[in-house]
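# Inside the fold
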Amino acid sequence: MKRPPTPLKRHDASLENRNVLIVGASGSGKSAFLRETVDFKQKRIIAWDPDEDYSLPRIRTMAAFEKLVKKCGFGPIRCALTVRPTEENFEKWAALVFAICHQAAPMDILADEIADVTRVGKAPPNWGELCRKVRKYGGRLLAITQRPQESDKTILNQVEFMWCGALKSAASYKYMAAEMGVTVQQLQTINNIHRKQIQYWIRKGTDAAKLETIKF
C-alpha cells in the first residue's frame, strides 16, 4: 500500500469525533443534507452504496474494490461500491475501508441502508471496529438508515451527531425520540415542502436537539 509522506502513526487519539448517524424515510431530505455537508469531490471518499445514490466512480464487485483499495492505499481514492447488500459483503467492505484509514489522510466513509446489513444488538466484528476506531484513524463515518430500530446499537454509541428527518412508522418515531431526547410530537413537527425546504432534528453529543431547515 502507498504510505503517507511522513512516518506518522496511523492513529491519533486526540482527533475529534465527526461521525454522523442519519435517519429518515425515503424523501425525508437525507440526500439534501449530505450534499450540504459532504464534499463529494474530495480526494478520499468511499461509499457503501447498494442503491446507486451517490455520484462517485462506481465499483460493482468485491474483487474490483479490493484491488482498488490495495492500489490506492493511503492515497487518493474515490468510489462507491454497489454489490449485493449481504452481511458478508458489508463485513468485507468494512475491513478493507478500515485498512486504509490513516490520521494523516482524512477520509469520508458513507454506509447507506445499514439496517439491511447489520442486526439489532452488537455490530459484527469488522463494522464494529470501523465504528469504534475510525475517529482516531482520520475517518468520518456517515451511517444512513430508514429503520433505526433494526440497526446495530454500536453505531449509536460512536456518533457525535444524530440527524433525524421525517419518518414513516410509529416504531421509528418512538425509537428516535428516545435517542434524540425529544418527544414524538416534536419529531413530527417537521414541515417539508417539495422543492422548497426540508426540516430535520439534529443533536450534537449531549446538547439539546435542534430543529433546522434547508431551503432550496
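Since we're looking at a predicted model, the values are computed, not measured.

### Considering the environment of isoleucine 190
Position of isoleucine 190 among the secondary structure elements: in the loop between helix H6 (184-187) and strand S8 (197-204). Assessed through its relative accessible area of 15%, isoleucine 190 is described here as buried. What isoleucine 190 contacts, discounting residues up to four positions off in sequence, is Cys164, Gly165, Ala166, Gln199, Tyr200, Trp201 and Leu211.

### Focus: the sheet that holds strand S9 (residues 210-215)
The strand order across the open sheet formed by nine strands is S3-S4-S2-S5-S6-S1-S7-S8-S9, and the pairing between neighbours is mixed. The sheet terminates laterally at strand S3 (58-59) and S9, the two strands that pair on one side only. Strands strand S5 (107-111) and strand S6 (139-145) of the sheet are contacted by helix H4 (residues 125-133), whose axis makes an angle of about 125° with S6.

### Structural notes on helix H1 (residues 30-37)
Within the span of H1, buried status applies to Lys30, Ala32, Phe33 and Leu34. As for H1, its buried residues are in contact with strand S1 (20-23), S5, S6, strand S7 (161-164), S8 and S9.

### Topic: the packing of helix H3 (residues 87-99) against H4
For the pair H3 and H4, interaxial distance at closest approach is 7 Å and the crossing angle is 40°. With respect to H4, the element H3 is oriented oblique. The interaxial crossing formed by H3 with H4 has left-handed handedness. Where H3 abuts H4, its residues Phe90, Glu91, Trp93, Ala94, Ala95, Val97 and Phe98 lie against Pro125, Asn126, Trp127, Glu129, Leu130 and Lys133. Split into classes, the residues belonging to the contact of H3 with H4 amount to nine nonpolar, one polar and three charged.

### What to know about the packing of aromatic side chains
Here a ring pair, both rings aromatic, is described through the centre-centre distance and the interplanar angle of the planes. On inspection of all chains with the given rule, the structure shows nine aromatic pairs. Taking the centre distance of 5.9 Å and the plane angle of 20° together, the rings of phenylalanine 40 and tyrosine 54 count as stacked. Here the residue phenylalanine 40 occupies a position in the loop between H1 and strand S2 (44-48), and tyrosine 54 occupies one in the loop between S2 and S3, the gap between them amounting to 14 residues. Classification of tyrosine 54 by relative accessible area gives buried; the value is 8%. When the centroid spacing of 5.9 Å and the interplanar angle of 55° are considered together, the rings of tryptophan 48 and tryptophan 93 count as tilted. Of the two residues, tryptophan 48 sits in strand S2 while tryptophan 93 sits in helix H3, which places them 45 residues apart along the sequence. Ring pairing ties together the aromatic residues Trp48, Phe90, Trp93 and Trp127, which thus form one cluster.

About the thresholds
Residue numbering note: each chain is counted from 1, following its sequence as written. Thresholds applied to this predicted model are a pLDDT of at least 70 for local features of residues and 80 or more for the giving and counting of side-chain atom pairs; totals over whole chains, interfaces and linings are not thresholded and use all residues. The basis for every side-chain value is the complete set of heavy atoms in the structure, and neither hydrogens nor water enter the calculation. In DSSP terms, a helix is any run of H or I states spanning at least four residues, a strand is any run of E spanning at least two, and both are numbered starting from the N terminus. Summary of the burial criterion: residues with accessible area below 20% of their type's maximum are buried, those above 50% are exposed, and those between are partly exposed, where the area comes from a 1.4 Å probe applied to protein chains only. A contact between two residues is defined here by any heavy atoms of the two lying within 4.5 Å. Should DSSP find at least two bridges between two strands, the strands are taken to pair. Axis lines are fitted to C-alpha atoms, over the contacting stretch for helices. Their N-to-C directions set the angle, which ranges from 0 to 180 degrees. Note on angle classes: values under 35 degrees are labelled roughly parallel, values over 145 roughly antiparallel, values of 65 to 115 roughly perpendicular, and the remainder oblique. Each crossing is labelled by how the near helix is turned from the far one, with a counterclockwise turn of less than a right angle marking it left-handed and a clockwise turn marking it right-handed. By the convention adopted, Pro, Cys, Tyr, Trp, Phe, Met, Ile, Leu, Val and Ala count as nonpolar, Lys, Arg, Asp and Glu as charged, and the other residues, Gly among them, as polar. Any Phe, Tyr or Trp ring, taking Trp's six-membered ring, that has another such ring centre within 6.5 Å forms a pair; planes under 30 degrees apart are called stacked, those over 60 apart edge-to-face, and the others tilted.

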